[in-house]
Amino acid sequence: MSTTVSLSNFNINDYRTLLPEELNARIVAAKRALGDRLLILGHHYQQDEVIAHADLRGDSLELSRMAAERPCETIVFCGVHFMAETADIVSNRPERLRAREGRRTTVILPDLAAGCSMADMAAIDQVENAWEDLSQVIDTRDITPVTYINSAASLKAFCGRHGGIVCTSSNAAKVLEWAFERSKRVLFFPDQHLGRNTSLKMGITNDQMPVWDPYAGELGGSTREALEQSRVILWKGHCSVHQMFRPEHVANFRKQVPGIQILVHPECPQEVNDIADLSGSTGYIIRTIREAPVGSKWAIGTELHLVNRLKKEHPEQEIHFLSPVLCMCATMYRIDLPHLCWTLENLVAGTAVNTIRVDDDTSAFALLALERMLAL
Ligand code: 13P
Ligand code: SF4
C-alpha cells in the first residue's frame, strides 16, 4: 500500500564507518542547508543520538498531531513505518494539498526496515476474513472496528470504510467510549493488551472479551456463544518488547525497594498492568516522572532507550528498568546516525530517498478513521 523510492546519490555503506562526531556535524550542516523546508519528527523510543536531532518529539498521538499541523516540504520521521504512513496521510490531506496548490509533503523513513512487529500481526486480508466470519454469527452493523495506530494504513482504511476509528495508547479509553456510543461491540486490533487493559478499566470483563486468533481456523478459535456475549473482540497481537515485562519483576521491586512505584505502558500484559501503580503512553510516562516529587522511586516498564533517557534527565529521581533483561525495540533502533545523515545529504543533493507514500484510495479512507480520532 505504501510506495517507496530509493534513488540514492550516495552509498549508505560509506556512512556506516564514519565516527559519530563527523555524522553529527554533517547532519547539523544538512539541517542548516534545508532550513524550514525540513521537519524531523522523533518518537520517544529513538536512541539519544538520533532524538538529539529531532525538531519535535512525542508519543504516537502527539506526533500525528504535529504532522497534521506543521506545514513543511519534507518530514523525516525518526520512528517506525506506521508512523511515517500516518504522517503521509495527515500531512497530505485534501485541504492541505489545496492550500499548497497540489504540492505534497514528502515523508521519509531513514531506514525502510524500521517496521513494527505488532503492526505485522494483523494483515488486511486476515482482518477482512475475520469481519466476514463474524458476519455469519453477529450483526457487523453492531461492531465498530478500532485499530491501534500501530497498524498498516490498510487497516486504518478498513476502519474508515466501516465507521471505525484509530486509537493510540493516550486516547484508547476515549476512543472506546466513542465506539460504544455507536455500537454494542468493538473489534479491536492488533494489540490485545491495550484493548484488554483499557476495557477492564471501563468495567468490561474478560468473559466479554474473546480473543480472535487469525491462525486458529473457524471463528478465530472462539465460539458462537462467546462472540454473541462479547463487548470487545480482541485481536491476538502483542508488542514483543512489552510482553517481556512480568508480574514477578513488579513483585521483586516491591520487595527490594520500599516505596517504589511501578509505571508501565498499557501494551504490557494484563498481569503486569493490573498490579502497576500507573499505566500510560510514553508521553504520560515522561510527564509523570517530570512532575513527580524529588526523590521518588520508580520502576518503569517500557522500551529501554526511553527509560535510560529518563534516568539521565532526572537524576533527582531514583529510576529503575522494570525487567532484568533488556527490552528494546530493535526496529526503532534501526534509525541511526548513518541513516539519518545519508537521508539528509541526499535531500540536500535534491533526492528524497526512502519515501513513504500511501496510495490515494487507502489514504482517503484511513484519513476518515484518523480524523475521527483527532477530533476527540
Ligand atoms: P506511544 O508513544 O503512543 O505510547 O506508543 C508506544 C509504541 O509502542 C510506539 O510504537
Ligand atoms: Fe512496535 Fe512494540 Fe516497537 Fe512499539 S515498541 S514499535 S509496538 S514493536
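Each remark here, short or long, concerns the structure printed above.
Just so it is clear, the model here is predicted, and its values are computed rather than measured.

**A few points about the site of ligand 1**
Okay, step 1: Close contacts around ligand 1 come from 13 residues, with His 43, Ser 60, Ser 169, His 265 and Thr 282 the closest.
Okay, step 2: In this structure, an oxygen atom belonging to ligand 1 sits 2.7 Å away from a side-chain N or O atom of His 43.
Okay, step 3: Thr 282 has a polar side-chain atom sitting 2.6 Å from an oxygen atom of ligand 1.
Okay, step 4: Protein contacts shield 96% of the accessible area of ligand 1, which totals 300 Å² for the unbound molecule.
Okay, step 5: Across the shell around ligand 1, the residue classes break down as four nonpolar, seven polar and two charged.

**A short note on the site of ligand 2**
Okay, step 1: Inspection of the region around ligand 2 gives Tyr 45, Cys 116, Ser 117, Met 118, Asn 150, Cys 239, Glu 267 and Cys 329 as its neighbouring residues.
Okay, step 2: Taken together, the residues of the shell around ligand 2 break down into five nonpolar, two polar and one charged.

**Let's talk about helix 7 (residues 124-134)**
Okay, step 1: Those residues of helix 7 that sit buried are Gln 126, Val 127, Ala 130, Trp 131 and Leu 134. Seen end-on, helix 7 carries its buried residues on one side only, within an arc spanning 140°.
Okay, step 2: On its buried side, helix 7 packs onto strand 6 (143-148), helix 8 (153-161), strand 8 (185-189), strand 9 (211-212), helix 11 (224-229) and strand 10 (232-235).

The rules we used
- Residues numbered from 1 in each chain as written.
- Chains lettered and ligands numbered in written order.
- Predicted model: local features only at pLDDT ≥ 70, side-chain atom pairs only at ≥ 80, totals over all residues.
- Heavy atoms only, no water.
- Near = heavy atom within 4 Å.
- Polar contact = N/O pair within 3.5 Å; in protein donor to acceptor, adjacent residues only side chain to side chain.
- Areas by Shrake-Rupley, 256 points an atom, 1.4 Å probe, with all protein chains shown as cover.
- Nonpolar A, V, L, I, M, F, W, Y, C, P; charged D, E, K, R; others polar.
- Buried < 20%, exposed > 50% of the residue type's maximum accessible area, 1.4 Å probe, protein only.
- Helix = DSSP H or I, 4+ residues; strand = E, 2+ residues; numbered from the N terminus.
- Arc of directions from axis to C-beta.
- Contact = heavy atoms within 4.5 Å.

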